[in-house]
Amino acid sequence: MVDVVVVGDGPAGLSAALFLAKNGLEVVVLGEDKTDLHYAYLYNYLGVKEIHGDDLARLGREQAASFGADLQEGHVTMVKRSDEGFHVETEDGRGYDAKYVVMASGADTRMLRDLGAQIERNIVQVDRDGRTTVENLYAAGRITRRIKIQAVISAGDGAAAALDILSKERGRDVRDFDEPPK
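Residues numbered from 1 in each chain as written. Predicted model: local features only at pLDDT ≥ 70, side-chain atom pairs only at ≥ 80, totals over all residues. Heavy atoms only, no water.

Right, let's get into the overall build of the chain. Scanning the chain from terminus to terminus reveals four helices and eleven strands. For a compact globule of 182 residues, the expected C-alpha radius of gyration is about 16 Å, and the chain comes in at 15 Å, within 12% of that figure. Projected onto its principal axes, the C-alpha coordinates of the chain cover approximately 45 × 40 × 30 Å. Counting every position in the chain, which comprises 182 residues, the buried fraction comes to 46%. Partitioning the intrachain contacts of the chain with sequence separation of at least 6 by distance along the chain shows that 54% fall at a separation of at least 24. Carbon together with sulfur atoms contributes 47% to the accessible area of the chain, which is approximately 9,800 Å² in total. If the 23 positive side-chain charges of the chain are averaged to one point and the 31 negative ones to another, these points end up 6 Å apart. (Helix = DSSP H or I, 4+ residues; strand = E, 2+ residues; numbered from the N terminus. Rg over C-alpha atoms; globule rule 2.2 N^0.38 Å. Buried < 20%, exposed > 50% of the residue type's maximum accessible area, 1.4 Å probe, protein only. Contact = heavy atoms within 4.5 Å. Areas by Shrake-Rupley, 256 points an atom, 1.4 Å probe, with all protein chains shown as cover. Lys, Arg positive; Asp, Glu negative; His and termini not counted. Charge placed at Lys NZ, Arg CZ, Asp CG, Glu CD.)

The following block contains the structure:
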């Protein structure tokens, strides 16, 4: 059993994985590298003058993996509740058990609907921390908004979900603020 399964490997999913792994949780990311980021050229990503979405996706994968996130290619076909949290299955039959799930899988809300998350006009309803109406089930990125979407917003959604999970695990509010080396 892992701590968190992240479904989706775009900015929201990779950001969640990065923060979770960096802070010691065991994270598996399941994605197909089909993020809309591949169609973008970003001139407005904080701290980056300009970058092709392909390069940003590659850098995000490398960074999340460098902190220990386990990035797996695979199409997720099922997410269901289990006694210990969730069971996630991929099209090729792999299964993962996790205490938490972060859904950052683009626009498809069917699995979240099947789990009982509140959906309105095909948008998953979440709070500011990405919590759905289902305990320990989070959603981030395009699945939570359709129109006002941008890479940095999606990455922020993923980070917010990760910090909430970390806070729950530690029993206190967590902030991820690193200090420069001395």
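Ranked by size, the top nonpolar core spans 23 residues in total, and within it V5, V79, V101, M103, L112 and L137 carry the most contacts. Contributing elements (two or more residues each) for this core: β1 (2-7), β2 (27-31), β6 (76-82), β7 (85-90), β8 (95-103), α3 (110-115) and β11 (137-139). If one sorts the elements of this core by residue count, β8 sits on top with four residues. When near neighbours in sequence (up to four residues on either side) are disregarded, V79 contacts F86, H87, V88, V101, M103, M111 and L115. A16, A21, A64 and Y100 belong to the second largest nonpolar core, which has 22 residues in total. (Core = buried A, V, L, I, M, F, W, Y, C linked by side-chain atoms within 4.5 Å.)

Bridge count for β1 against β8 is five bridges, and the pairing is parallel. Opposite V2, over in β8, you have A98 as the bridge partner. Relative to β8, β7 runs antiparallel, the two sharing four bridges. Each bridged residue has a counterpart across the sheet, and for F86 the counterpart in β8 is A98. The turn linking β7 back onto β8 is made up of four residues, and G93 within it adopts a positive phi angle of 95°. Pairing of β8 with β11 involves three bridges; the strand directions are parallel. (Pairing = 2+ DSSP bridges.)

A separate point is the packing of aromatic side chains. Per the stated rule, a full pass over the model turns up two aromatic pairs. The interplanar angle of 55° and the centroid separation of 6.4 Å between the aromatic rings of Y100 and Y138 together place this pair among those described as tilted. In this pair, Y100 sits in strand β8 while Y138 sits in strand β11, placing the two residues 38 residues apart along the sequence. We note that Y100, like Y138, is buried. (Phe/Tyr/Trp six-rings, centres within 6.5 Å; stacked < 30°, edge-to-face > 60°.)

Our next topic: the pattern of salt bridges. In this structure the tally under the stated criterion is 15 salt bridges. With its nearest N and O atoms 2.8 Å apart, the salt bridge here joins K22 to D176. Taken together, the residues span a long stretch of sequence, with K22 in helix α1 (residues 11-22) and D176 in the segment after α4 (151-170) at a distance of 154 residues. Note on K22: relative accessible area 26%, which makes it partly exposed. Two residues, D92 and R94, come together in a salt bridge whose shortest N-O distance is 3.0 Å. Taking the relative accessible area as the measure of exposure, D92 reaches 55% and is therefore exposed. (Salt bridge = Lys/Arg side-chain N within 4 Å of Asp/Glu carboxyl O.)

Moving on to the side chain of T132. Considering the arrangement of structural elements, one finds T132 in the loop between β10 (123-124) and β11. Note on T132: relative accessible area 10%, which makes it buried. In this structure the side chain of T132 is engaged in a polar contact, spanning 3.1 Å, whose partner is the backbone nitrogen of V134. Looking at T132, its side chain comes within polar contact range of the main-chain oxygen of L137, at 2.8 Å. Aside from chain neighbours lying at most four places away, what touches T132 is L112, A117, V124, Q125, V126, L137, Y138 and A139. (Polar contact = N/O pair within 3.5 Å; in protein donor to acceptor, adjacent residues only side chain to side chain.)

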